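Structure at a glance
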Amino acid sequence: MEKNEKELAQLIQEISGLNPKKCMKCGKCSGACPAFHEMEYHPHQFVDMVDRGDVNRLLESKSIWMCLTCFACVERCPRDVKPANFIEAARLALIRQQGCNHLKDEAVPPLLDEEMPQQAIVSAYRKFKK
Amino acid sequence: MQRIGVFVCWCGSNIAATVDVQQVADELAKEPGVVYSTNYQYMCSQSGQQMIQEAIKEHHLTGIVICSCSPRMHEATFRKTAAAAGLNSYMVEIANIREQCSWIHKNKEEATEKAIILGRAAIAKVHLNAPLTAGESPVVKRALVIGGGIAGIQTALDIADAGFEVDIVEKKPTIGGKMAQIDKTFPTLDCAACILTPKMVDVAQNEKIHIYSYSEVESVKGFVGNFTATIKKKARYVKEDVCTGCGLCTEKCPMKKVPNEFNQMLDNRTAIYIPFAQAVPKVATIDPNACMMLKNGKCGVCSKVCTAGAIDYTQKDEYIEQQYGAIVVATGFNTIKLDNFDEFAYSQSPDVVTSLEFERLMNAAGPTGGTLLRPSDHTHPHTLVFVQCVGSRDISGCGKPYCSKICCMYTAKHAMLCREKYPDTEVYVFYIDVRTPGKNFDEFYRRAVEEYGVHYIKGMVGKVAPKDGKLMVQASDLLANDQLLIEADMVVLATAIEPDESARSIATMLTASMDTNDFFTEAHPKLRPVESPTAGIFLSGVCQGPKDIPETVSQASAAAAKVIGLLVKDKLTCNPCVAESNELMCNGCSACEKVCPYGAITYSDKEFRTPYRTTIMRRVASVNPAVCQGCGACTVACPSGAMDLKGFSTRQIMAEVDAICK
Ligand SMILES: Cc1cc2nc3c(=O)[nH]c(=O)nc-3n(C[C@H](O)[C@H](O)[C@H](O)COP(=O)(O)OP(=O)(O)OC[C@H]3O[C@@H](n4cnc5c(N)ncnc54)[C@H](O)[C@@H]3O)c2cc1C
Ligand code: SF4
Ligand code: SF4
Ligand code: SF4
Ligand code: SF4
């Protein structure tokens, strides 16, 4: 079932388990982010958009796929907000919306190669189960 | 049988909106011993108090119960009311039906029932109350000030001005604190030394003030009006009364590579040193960790060059015991360590400095003689980046959760001074918020922007990377929604401040309370801001919370006024609700002595009669009523039930519990 925007924002918060209200809009995350210039919306904006329930623009944007999950923002944030976790949650929310899967599970094995770390495979399959 | 009066207060709608006060008064009137019961809008008002007094006289009351707010609020008021009507103050009991009832409940029926129960408990207690008379204790007319920064200096000067003796205990070789280190002061930009050093000289010359420099308070015993402190005068290996402060020894000492703490380790000093030219007392001190003579008996140069003969390598720590009526804590602050903030490259590059280091770099008496030079290569910096809130407002565990309050203003000061002295510099300030409340403060910050052309950028530095002698500063510009990369020559971190590391041990010594950040807590955040909740202990300066010099000085004078108010009294009224031991039941086990936080309990051997005309000697406890604060810890610890607290006896408390459970 299609969720409305507010519900989606709620879902993103739930998946992340975090509180965007703790953000004091200092911008240290965006000052730290190595992928800043690749993004349309920046780490401090992700947090704000989730907080305000303005997430459709975010989910449609390429920005969320540009995050390297390097956790520079998480590490430096003085308020313990963890912007990258919101980004990850946004990705998950989007995947779930698309019939719960980004890929069909049959499509996965051919994509695997020798060098793929075990952990990545496990974590990918865990997402299918959700 | 007591004749008890019950007075139920509405507290406007604070109580009356949730508790049926009429019903409470009616129900409590039925309790045994209650001969009068009423309710009124504001019991604490003039007319409310009058009503109580009239009832005491008219109904010959021997005890009263006031159902009202917390006893912390008005117990003293109602005790006075009773005393004025001829009833002993300690025949008054308060049932707290506001904080413990109306404010925390919604259902009126239940709240009313609870208020009745609380009233019953108080009535049960009054039945067992006995009149108590407060004793008196003398006041020692001398004050101790711990810490000789601007806060301690101002407090001491004001107390001395009122004619009382004051001792300042300062752990460093000189008084002056952080203010002696800073260059110019906001918002007027007058030189800190020019306004501080005359005060330091006043302290030195004041006959009523004694400075124990290079000293620490070892222990404090006693109570308000009568503290006994042991002061440890650390060996400085120089006779304080002989040294003339000529400084010859400091020129000749061969140990020249000792990091200079006064200059924030930006340069070196000798093993024998005087922190700065205007130090008070101006006396040399030998650093025992650096002196070759003290470490391995080789050298002795200073003793040879000192014409006054002041050097004494055999000096020992000295302990001085002194009595005080009041103690003022003025232990100040330090900037935090930056170990948790690798992103700013503080440990990687000498050109990344803290704000206090920057003060020294700008100071004419500092390591560079006041010329701003990069610590790495002593060249003139062209681009400077200031970062605000470094380690402040941080709940991630790396820094401090509070705003350090002074850094917005001193950063504006630094930026402005930089642009004024060196118009060829580009100065950037990264801020989260600019917080400049205070007289002429916002105007000051706006001047930095409008007249001095400082670039204020709303955003935060995420990373500083040293590269080819420069500092690559990556930061966000939130208003432009951009990420900037600035090639800077120096980065200045507005480092958070924290209480001095000795604060917690001082607090324990004084049984004064502190908050989770180790700032001393005031007795009331609004109405008693310079007193600690512990009687006789006062707070001055940053040890109580971040503040700038104007605020520090105001608070210092306020603390002095409170101390003077105490010292002018010849005697203090003691709290009569103190512990008392029943010698017949005491078995001398020492359990009570171990738990007493005030050291009020002592033991003595006493002769007791036994059957057949014999006697035995037994060890029994006795309580010094002037020292006991009535905390009751001993009454709980006593295994034989010999300790009891006057006014809060075990019987009284059990009667209250019974009344509640009935
Ligand atoms: C970089 C910087 C710039 C500043 N610029 C300005 C400015 O321009 N204008 C302004 O108004 N304010 C300024 N301030 C704030 C100012 O420094 C403080 O308000 C002021 O110094 C507070 O004085 P204090 O006496 O409370 O503390 P401190 O100055 O810290 O003094 C405390 C003293 O107590 C001593 N002490 C500590 N513990 C013990 C102990 N256990 N026993 C004995 N002695 C002890 C210490 O050695 C010290 O001498 C600045 C602060 C910083 C960090
Ligand atoms: S670093 Fe943290 S507090 Fe600052 S803007 Fe980013 S998420 Fe918000
Ligand atoms: S985790 Fe993503 S958003 Fe955070 S700093 Fe790294 S790339 Fe940027
Ligand atoms: S004896 Fe110690 S303090 Fe004196 S000159 Fe030698 S090293 Fe310096
Ligand atoms: S005073 Fe300014 S710079 Fe300092 S912590 Fe507070 S907001 Fe940050």
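Treat the numbers as computed from the prediction; the structure is a model and nothing was measured.

The rules behind these values
Residue indices follow the written sequence of each chain, beginning from 1 at its first position. Following the order in which they are written, the chains are lettered starting with A and the ligands numbered starting with 1. Where totals are concerned, whole chains, interfaces and linings use all residues; where local detail is concerned, this predicted model gives features only for residues with pLDDT of at least 70, and gives and counts side-chain atom pairs only at 80 or more. For the side-chain quantities, the full set of heavy atoms in the structure was used; hydrogens and water were omitted. Only DSSP runs of H or I covering at least 4 residues are called helices, and only runs of E covering at least 2 are called strands; the numbering of each starts at the N terminus. Between buried and exposed lies partly exposed: a residue is buried under 20% and exposed over 50% of the maximum accessible area for its type, with that area taken using a 1.4 Å probe on protein chains only. Accessible surface area values rest on a Shrake-Rupley calculation with a 1.4 Å probe, where residue burial reflects the displayed protein chains alone. In this tally, Asp and Glu contribute negative charge and Lys and Arg positive charge; neither His nor the terminal groups of the chain are included. Charge positions come from single atoms, namely NZ of Lys, CZ of Arg, CG of Asp or CD of Glu. We call two residues in contact whenever any of their non-hydrogen atoms come within 4.5 Å of each other. Joining two parts hides part of their accessible area as seen by a 1.4 Å probe, and the buried area is that hidden amount summed over both. Think of a salt bridge as a Lys or Arg side-chain nitrogen and an Asp or Glu carboxyl oxygen that are within 4 Å of each other. Polar contacts, as counted here, are pairs of nitrogen or oxygen atoms within 3.5 Å of one another; within protein the pair requires one atom able to donate a hydrogen and one able to accept it, and residues that are adjacent in sequence qualify only if both atoms are side-chain atoms. Only when DSSP finds a minimum of two bridges between them are two strands counted as paired. Each axis is a line fitted through C-alpha atoms, taken for helices only over the stretch in contact, and angles between the N-to-C directions span 0 to 180 degrees. Only buried residues count toward a nonpolar core. Its members are Ala, Val, Leu, Ile, Met, Phe, Trp, Tyr and Cys residues joined through side-chain atoms within 4.5 Å. Disulfides are defined in this document as cysteine sulfur pairs within 2.5 Å. Note that domain bounds follow an automatic or database assignment of domains. Throughout, near means a residue has at least one heavy atom within 4 Å of the molecule or strand. Any helix carries an expected span of 1.5 Å times its number of residues minus one. Each direction from the helix axis to a C-beta atom contributes to the arc, which is the arc of those directions.

Re the overall build of chain B
Counting secondary structure elements, chain B contains 19 helices and 34 strands. Expressed as a percentage of its 662 residues, the buried residues of chain B come to 53%. With the model as given, the accessible surface of chain B reaches about 29400 Å², and the carbon-plus-sulfur share is 52%. A gap of 4 Å separates the mean positions of the 68 positive and 73 negative side-chain charges of chain B.

A look at the interface of chain A and chain B
At the junction of the two partners, chain A supplies 20 residues and chain B supplies 22 residues. Both faces considered, chain A and chain B share a buried interface measuring about 1700 Å² in area, 52% of it formed by carbon and sulfur atoms. Linking chain A with chain B are one salt bridge. One salt bridge connects Lys-28 of chain A with Glu-343 of chain B, and the closest N-O pair in it is separated by 2.7 Å. Across the chain A-chain B interface, the total number found is 15 residue pairs in polar contact (both at pLDDT 80 or more). Put simply, the parts of the chain that give the side of chain A that touches chain B at least two residues each are helix 2 (28–32) and helix 3 (43–52) of chain A. Broken down by element, the side of chain A that touches chain B gets its largest block of residues, four residues, from helix 2 of chain A.

Details of the sheet that holds strand 27 (residues 490–495) of chain B
Residues and elements named next belong to chain B. Ordered by their spatial adjacency, five strands build an open sheet running 20-27-21-22-23, and the pairing between neighbours is parallel. This sheet does not close on itself; its edge strands, each paired only once, are strand 20 (352–354) and strand 23 (455–458). Adjacent strand axes in the sheet meet at a mean angle of 20 degrees when their direction is disregarded. Here four bridges tie strand 22 (residues 426–431) to strand 23, and the two strands are oriented parallel to one another. In the strand pairing of strand 23, Phe-430 is matched with Ile-457. Set on the sheet, helix 13 (residues 407–421) makes contact with strand 21 (383–390), strand 22, strand 23 and strand 27; between it and strand 21 the angle comes to about 175 degrees.

Considerations on the sheet that holds strand 11 (residues 215–223) of chain B
Residue and element names in this part refer to chain B. Strand order in the open sheet formed by three strands is 11-12-17, and the pairing between neighbours is antiparallel. Single-partner strands in this sheet number two, and they are strand 11 and strand 17 (318–324). Sheet twist, expressed as the mean angle between neighbouring strand axes with direction ignored, is 20 degrees. The pairing of strand 12 (residues 226–233) with strand 17 spans seven bridges and is classified as antiparallel.

As for the nonpolar core
Residues and elements named next belong to chain B. Among the nonpolar cores identified, the biggest contains 41 residues, and Val-6 and Ile-64 are the most heavily contacted of them. Within the residue set of this core, elements represented by two or more residues are strand 1 (4–9), helix 1 (13–16), helix 2 (21–29), helix 3 (46–58), strand 3 (63–68), helix 4 (71–84), strand 4 (92–96) and helix 6 (108–128). Of the residues forming this core, the biggest block, seven residues, is contributed by helix 6. Apart from the residues within four sequence positions on either side, Ile-64 is in contact with Gly-5, Phe-7, Ile-52, Ile-56, Ala-82, Leu-87, Met-91, Val-92, Glu-93 and Val-126. Leu-157, Ile-209, Val-328 and Leu-572 belong to the second-largest nonpolar core, a separate cluster that totals 40 residues.

Let's talk about the state of the cysteines
The bond known as a disulfide is covalent and runs between the sulfur atoms of two cysteines. All names here are of chain B. As enumerated under the stated definition, the model contains one disulfide over all chains in all. Between the sulfur atoms of Cys-191 and its disulfide partner Cys-194 the distance amounts to 2.2 Å. Taking the sign of the S-S torsion, about 95 degrees here, the bridge from Cys-191 to Cys-194 comes out right-handed. A relative accessible area of 23% places Cys-191 in the partly exposed class.

Notes on the pairing of strand 24 (residues 461–467) of chain B
Residue and element names in this part refer to chain B. For strand 24 and strand 25 (residues 470–477), the ladder comprises six bridges, and the chain directions are antiparallel. Bridge assignment links Val-461 to a residue of strand 25, and that residue is Ala-475. With antiparallel pairing between neighbouring strands as the criterion, strand 24 and strand 25 make up a hairpin whose turn holds two residues, including Asp-468 at a positive phi of roughly 45 degrees.

Quick notes on the domain arrangement of chain B
Looking at the assigned domains, one finds that chain B contains domain 1 (4–128), domain 2 (142–332 + 516–567), domain 3 (333–498) and domain 4 (579–646). When each unit is reduced to the centre of its C-alpha atoms, the spacing between domain 1 of chain B and domain 2 of chain B is 51 Å.

Notes on the site of ligand 2
Close to ligand 2 lie 14 residues, the nearest being Cys-23, Cys-26, Gly-27, Cys-29 and Cys-77 of chain A. Those elements that provide at least two residues to the shell around ligand 2 are helix 2 and helix 3 of chain A.

Section: helix 4 of chain B
All names here are of chain B. Taking 1.5 Å of rise per residue, the 14 residues of helix 4 would be expected to cover 20 Å, and the 19 Å separating its terminal C-alpha atoms lies within 8% of that figure. Every buried residue belonging to helix 4 is among Phe-78, Arg-79, Thr-81 and Ala-82, and all of these are buried. The buried residues of helix 4 occupy one face: seen down the axis, they fall within an arc of 160 degrees. Of the exposed residues in helix 4, those oriented more than 90 degrees away from the buried face are Ala-76, Lys-80 and Ala-84. The inward-facing, buried residues of helix 4 contact helix 3, strand 3 and strand 4. By the N-cap criterion, in which a side-chain oxygen at the helix start approaches the backbone nitrogen of a residue two or three places on, helix 4 is capped by Ser-70, the distance to Arg-72 being 3.0 Å. The positive-phi residue at the C-terminal boundary of helix 4 is Gly-86, with phi of around 90 degrees.

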